[in-house]
Amino acid sequence: MPIVKAGAEPLTFVFADDGLIPNSPMPFLVYKGALELTGAHPEATIEKLFAANGWGAMWRNGVYAFPHYHATVHEALGIARGRAKVRFGGEHGEVLEIAAGDVAILPAGTGHQCISASADLSVVGAYPPGPSMDLVRPNKQAHAKALKTIPMVPVPQTDPVLGADGPLVRLWRR
C-alpha cells in the first residue's frame with residue numbers, strides 16, 4: 001500500500017523578510033493529509049519515506065514554542081500523531097493547523113513557532129544532504145548573518161514526499 005495518497009500536491013506560501021526572520025523567496029510547502037499513516041508506528045513510516053527520498057539526519061519531537069529558523073539547511077516536518085497550530089513565516093506569516101498525515105517543507109530561513117499542540121503531537125524532522133541543522137532565534141545580528149548563508153544553501157535534489165519528480169524540485173529554483 002502506498003504511503004503517499006494519490007494526487008498529493010502541496011499548498012504553497014511565500015513569506016516576506018520581516019527584518020528579523022529572513023524567510024525565503026522559495027515557497028514554503030505544506031502537503032495536507034498526504035500521508036496514509038496506518039499501523040502502530042507512524043513515525044517509522046515517515047522516516048522510511050523521507051529516507052527513501054534522500055532526506056536524513058532525522059529526529060522525533062515537536063515544534064519549539066519560540067520563534068526560530070534555520071539559516072544553513074532546509075527542513076521537512078512530518079506530522080506522525082496529533083495536531084498543532086504553528087506560525088510559519090514570523091509575526092506577519094500564517095498560523096496553520098497541521099495534523100497527522102501532513103508534511104511541511106521549510107526552505108532555509110523560514111520562521112516557525114508552535115502556538116499550541118495536542119498532548120500526543122509527534123513530529124519527524126529531516127534534512128536534505130548538506131550542512132547540519134542550526135537553530136537561530138530572531139535578532140538583527142542573526143538576520144544579517146543569515147542573509148549571507150541562506151543563498152548558499154543548495155536546493156535539494158528531491159522532494160521528501162514525492163522524490164526526484166516532486167513539486168519541490170520544480171518550485172524551488174534560485
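Structure: above.
Now for a quick tour of the structure. (Residues numbered from 1 in each chain as written. Predicted model: local features only at pLDDT ≥ 70, side-chain atom pairs only at ≥ 80, totals over all residues. Heavy atoms only, no water.)

**Quick notes on the nonpolar core**
Core analysis: the biggest nonpolar cluster contains 20 residues, and Tyr 31, Leu 35, Phe 50, Trp 55, Val 103 and Ile 105 have the highest contact counts within it. Elements with a contribution of two residues or more to this core: β2 (28–31), α1 (42–52), β4 (75–81), β7 (103–106) and β9 (122–127). When residues of this core are assigned to their parent elements, the largest contribution, 3 residues, is made by α1. Discounting chain neighbours no more than four positions away, the residues touching Val 103 are Leu 29, Val 30, Tyr 31, Leu 35, Phe 50, Leu 77, Gly 78 and Val 161. Counting 17 residues, the second largest nonpolar core, distinct from the first, contains Phe 15, Leu 106, Cys 114 and Val 123. (Core = buried A, V, L, I, M, F, W, Y, C linked by side-chain atoms within 4.5 Å. Buried < 20%, exposed > 50% of the residue type's maximum accessible area, 1.4 Å probe, protein only. Helix = DSSP H or I, 4+ residues; strand = E, 2+ residues; numbered from the N terminus. Contact = heavy atoms within 4.5 Å.)

**Overview of the sheet that holds strand β3 (residues 56–61)**
The 6 strands lie next to each other as β1-β2-β7-β4-β9-β3, forming an open sheet whose pairing is antiparallel. Looking at the sheet topology across the chains shown, the edges are occupied by β1 (11–13) and β3. Averaged over all pairs of adjacent strands, the angle between strand axes in this sheet comes to 20 degrees, irrespective of strand direction. Of the pairings in the sheet, the one linking β2 to β7 comprises 3 bridges and is antiparallel in character. Paired with Leu 29 across the two strands is Ile 105, which belongs to β7. With respect to the sheet, α1 is in contact with β3, β4, β7 and β9, its orientation differing from that of β4 by roughly 155 degrees. (Pairing = 2+ DSSP bridges. Axes fitted to C-alpha atoms, helices over the stretch in contact; angles between N-to-C directions.)

**Remarks on the layout of surface pockets**
Space inside the largest pocket adds up to approximately 180 Å³. In terms of lining residues, the largest pocket is bounded by Trp 59, Asn 61, Gly 62, Val 63, Tyr 64, His 68, His 70, Glu 75, Leu 77, His 112, Tyr 127 and Met 133. Its residues placed into classes, the lining of the largest pocket shows 6 nonpolar, 5 polar and 1 charged. (1 Å grid on protein atoms, 1.4 Å probe; cavity = no way out; pocket = protein on both sides within 12 Å on 5 of 7 lines; lining within 4 Å. Points joined across faces, edges and corners; volume = space filled by probe spheres on them. Nonpolar A, V, L, I, M, F, W, Y, C, P; charged D, E, K, R; others polar.)

**A short note on the pattern of salt bridges**
Summed over the entire model, instances satisfying the criterion amount to 5 salt bridges. As a salt-bridge pair, Lys 32 and Asp 102 come within 2.9 Å of each other at their nearest N and O atoms. On the criterion of sequence distance, the pair formed by Lys 32 in the loop between β2 and α1 and Asp 102 in the loop between β6 (94–99) and β7 is long-range, its members being 70 residues apart. You can call Asp 102 buried: its relative accessible area is 4%. (Salt bridge = Lys/Arg side-chain N within 4 Å of Asp/Glu carboxyl O.)

**Quick notes on helix α2 (residues 140–149)**
Along α2, the residues classified as buried are Ala 142, His 143 and Ala 146. The arc that holds the buried residues of α2, viewed along the axis, is 100 degrees, so those residues lie on one side. Away from the buried face of α2 by more than 90 degrees, exposed residues Lys 140, Gln 141, Lys 145 and Lys 148 are located. Sitting at the head of α2, Asn 139 places a side-chain oxygen 3.0 Å from the backbone nitrogen of Gln 141. (Arc of directions from axis to C-beta. Polar contact = N/O pair within 3.5 Å; in protein donor to acceptor, adjacent residues only side chain to side chain.)

**Some points on α1**
Turning to α1, its buried residues are Pro 42, Glu 43, Thr 45, Ile 46, Leu 49 and Phe 50. Seen end-on, α1 carries its buried residues on one side only, within an arc spanning 160 degrees. Away from the buried face of α1 by more than 90 degrees, exposed residues Lys 48 and Ala 52 are located. Looking at the buried side of α1, the elements it contacts are β3, β4, β7 and β9.

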